[in-house]
Amino acid sequence: MVKAAVLGAAGGIGQPLSLLLKISPLVDELSLYDVVNSPGVAADLSHIATPAETKGFLAADDGLEKALTGCDIVVIPAGIPRKPGMTRQDLFTINAGIVRTLIQGVAKFCPKAYVLIISNPVNSTVPIAVETLKEAGVFDAKKVFGVTTLDVVRASTFTAAVTGEVDPRKITIPVVGGHSGETIVPLLSAATPAVSIPEDKYAALIKRIQFGGDEVVQAKAGAGSATLSMAYAGFRFAEAVLKAHKGEKNIVEPAFVYLPGVPGGQEVQAAIGGQLEYFAVPIELGTEGVAKATNPIPNVTEAEKKLLEVAYTGLADNIKNGIAFAQEKAVAEKEQAK
Ligand SMILES: NC(=O)C1=CN([C@@H]2O[C@H](COP(=O)(O)OP(=O)(O)OC[C@H]3O[C@@H](n4cnc5c(N)ncnc54)[C@H](O)[C@@H]3O)[C@@H](O)[C@H]2O)C=CC1
Ligand SMILES: O=C([O-])CC(=O)C(=O)O
């Protein structure tokens, strides 16, 4: 029996993501939680003739507790999206608190669940989640993921558009680092199968993958950011976690993880200079989450080395902000409780 929860289920990502989970044979029970409209979304989805029992919960009447109790996997797309002119870090003020509160719920009601964080800025919300779980004494690094799959999906799509491959799914490109602008590092040299990008197209392709989110934000012109492609990507990652949980082998997807706590993470940390505790790398998934983080950068090109250097600097700041926020809140809460 697998129980999944979507927190932020009534939103632009939450609704199509919940639809994909509802029609997945990997899910037996589906909890939809939001501060608005989740019972409506749940009633709608519940008419679909698939086995997953679907229920909606609001904050009132212990909704978060009811949604999360017994959950095996929690996917979190709660929080505000960008408008044109904003960076993902501009979302921190509001989304940091939302993620912390929801993770406190996870710590209390389903501490052993896989936690998939979509809410931006991922480079900071994941450290917030980790600090919050540590504070509650229930942190398992193997089960906490920042979802960067959309960068991997975009890398396939945009690279295929350059090489002329008609099916982008046939191209796999590791995308490492973080999830915003220049912290996103596509390693085209490690593509499988190998791809040949004309020199005069390389910089534009990298930029398009790094700033793919902006394309959607601008096209939606104030009505939000990527939702449908993100629902596809979020489901793809959730499905990978659940398939590996059931014992399927050789499932590898990049995700943003806490390196000191996962198998292989310390080697990756050393390979990226020893400073950063968080980094997106290809993860081999197993029955208990991360089975192994793999070092994706043993053979990077000079151009990729430069991209990585820029990413390290940006990431360090984003991570620091997330940790500081969670730690300050924890101290303030303890003071208040005295
Ligand atoms: N990791 C990634 O690759 C991507 C991340 N995102 C991020 O995902 C987040 C959600 O984006 P959208 O779905 O487009 O936004 P949206 O505004 O359409 O939906 C967000 C939902 O969260 C709900 N919400 C707000 N506060 C909540 C709380 N305390 N508890 C539960 N639910 C709460 C809202 O009621 C709303 O239904 C944004 O932060 C966005 O930047 C978006 C695209 C890609
Ligand atoms: O660009 C945004 O704000 C949403 C996002 O993370 C993406 O589309 O990659």
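Being a predicted model, the structure only gives us computed values, none of them experimental.

Chemist: Residues and numbers for the overall build of the chain, please.
Modeler: The helix and strand inventory of the chain stands at eleven helices and eleven strands. Relative to the compact-globule value of 20 Å for 338 residues, the chain shows a C-alpha radius of gyration of 19 Å, a close match. Considering only C-alpha atoms, the chain reaches an extent of 60 × 50 × 45 Å along its principal axes. Taking all 338 residues of the chain together, the buried fraction comes to 49%. By sequence separation, contacts in the chain at least 24 residues apart represent 72% of the contacts at least 6 residues apart.

Chemist: Residues and numbers for the site of ligand 1, please.
Modeler: Among the 33 residues in the neighbourhood of ligand 1, the closest are listed as Gly8, Gly11, Gly12, Ile13 and Asn120. For the shell around ligand 1, the element with the highest residue contribution is helix 4 (residues 92-109), accounting for three residues. Taken together, the residues of the shell around ligand 1 break down into 19 nonpolar, twelve polar and two charged. A domain-level breakdown of the shell around ligand 1 finds at least three residues from each of domain 1 (3-147) and domain 2 (149-318).

Chemist: Any chance you could break down the site of ligand 2 for me, citing the residues and the numbers?
Modeler: The local shell around ligand 2 consists of Pro81, Arg82, Arg88, Asn120, Leu150, Gly213, Val216, Val217, Ser225 and Ala226. Among the elements that line the shell around ligand 2, the one with the most residues is helix 8 (residues 212-220), at three residues. Looking at side-chain class alone, the shell around ligand 2 contains five nonpolar, three polar and two charged residues. Both domains that furnish three or more residues to the shell around ligand 2 are identified here as domain 1 (3-147) and domain 2 (149-318).

Chemist: Break down the domain arrangement of the chain for me, citing the residues and quoting the values.
Modeler: As assigned here, the chain comprises domain 1 (3-147) and domain 2 (149-318). Placing the centre of domain 1 and that of domain 2 at their C-alpha centroids yields a distance of 22 Å. Taken together, the contacts link 34 residues of domain 1 with 37 residues of domain 2. Those elements that place two or more of their residues in the side of domain 1 that touches domain 2 are helix 1 (14-22), strand 4 (73-76), strand 5 (114-117), helix 5 (122-135) and strand 6 (144-146). Broken down by element, the residue count for the side of domain 1 that touches domain 2 peaks at six residues, all from helix 5.

Chemist: Please give an account of the UniProt feature "binding site: substrate" (unreviewed entry) in the chain that cites residues and values.
Modeler: On the UniProt side, "binding site: substrate" (unreviewed entry) is annotated at positions that read Arg82, Arg88, Asn120 and Arg154 here. Relative to the elements of secondary structure, Arg82 occurs in the loop between strand 4 and helix 4. Judged by the 21 C-beta atoms lying within 10 Å of it, Arg82 falls in the buried class. Contacts of Arg82, omitting those with residues within four sequence positions, involve Arg88, Leu91, Val217 and Ser225. In this fold, Asn120 is placed in the loop between strand 5 and helix 5. With residues near it in sequence (within four places) discarded, Asn120 still touches Arg88, Leu91, Asn95 and Thr125.

Chemist: Describe helix 6 (residues 149-163), listing the residues and the values that go with them.
Modeler: In this model helix 6 runs 21 Å from its N-terminal to its C-terminal C-alpha over 15 residues, within 8% of the 21 Å that 1.5 Å per residue would give. Within helix 6 the residues assigned to the buried category are Thr149, Leu150, Asp151, Val152, Val153, Arg154, Ala155, Ser156, Phe158 and Thr159. Phi turns positive one or two residues past the end of helix 6, at Gly164, with a value near 90°.

Chemist: I'd like a rundown of the pairing of strand 10 (residues 278-286), residues and numbers included.
Modeler: Counting buried positions along strand 10 gives seven out of nine residues, so the element sits mostly inside the fold. In this structure, strand 10 lies alongside strand 11 (residues 289-293), joined through four bridges in antiparallel fashion. By the bridge assignment, Gly286 is partnered in strand 11 with Gly289. Between the end of strand 10 and the start of strand 11, which pair antiparallel, lie two residues.

Chemist: Go over helix 8, please, and point to the residues and values.
Modeler: Within helix 8 the residues assigned to the buried category are Gly212, Gly213 and Val217. Across the axial projection of helix 8, the buried residues extend over an arc of 140°, all falling on one side. Where the residues of helix 8 are buried, they touch helix 6 and helix 7 (199-210). The positive-phi residue at the C-terminal boundary of helix 8 is Ala221, with phi of around 50°.

Chemist: Give me the lowdown on the environment of Lys334, citing residues and values where you can.
Modeler: Within the secondary structure, Lys334 is located in helix 11 (residues 302-337). On the basis of neighbour counts, which here come to 10 C-beta atoms within 10 Å, the residue Lys334 falls in the exposed class.

Chemist: Tell me about the pairing of strand 3 (residues 53-57), and please be specific about residues and values.
Modeler: As judged from the five bridges shared by strand 2 (residues 29-33) and strand 3, these two strands associate in the parallel manner. Across the sheet, Leu32 pairs through a bridge with Gly56, a residue of strand 3. Each parallel crossover has a hand, and for strand 2 linked through helix 2 (residues 38-46) to strand 3 it is right-handed.

Reading guide: rules and limits
Residues numbered from 1 in each chain as written. Chains lettered and ligands numbered in written order. Predicted model: local features only at pLDDT ≥ 70, side-chain atom pairs only at ≥ 80, totals over all residues. Helix = DSSP H or I, 4+ residues; strand = E, 2+ residues; numbered from the N terminus. Rg over C-alpha atoms; globule rule 2.2 N^0.38 Å. Buried ≥ 20, exposed ≤ 12 C-beta atoms within 10 Å, placed from the backbone. Contact = placed C-beta atoms within 7 Å. Near = placed C-beta within 6 Å. Nonpolar A, V, L, I, M, F, W, Y, C, P; charged D, E, K, R; others polar. Domains from an automatic or database assignment. UniProt positions renumbered as here; feature names shortened; annotations may be inferred. Expected span 1.5 Å × (residues − 1). Pairing = 2+ DSSP bridges. Arc of directions from axis to C-beta. Right-handed = clockwise from strand over helix to strand, strands pointing away.

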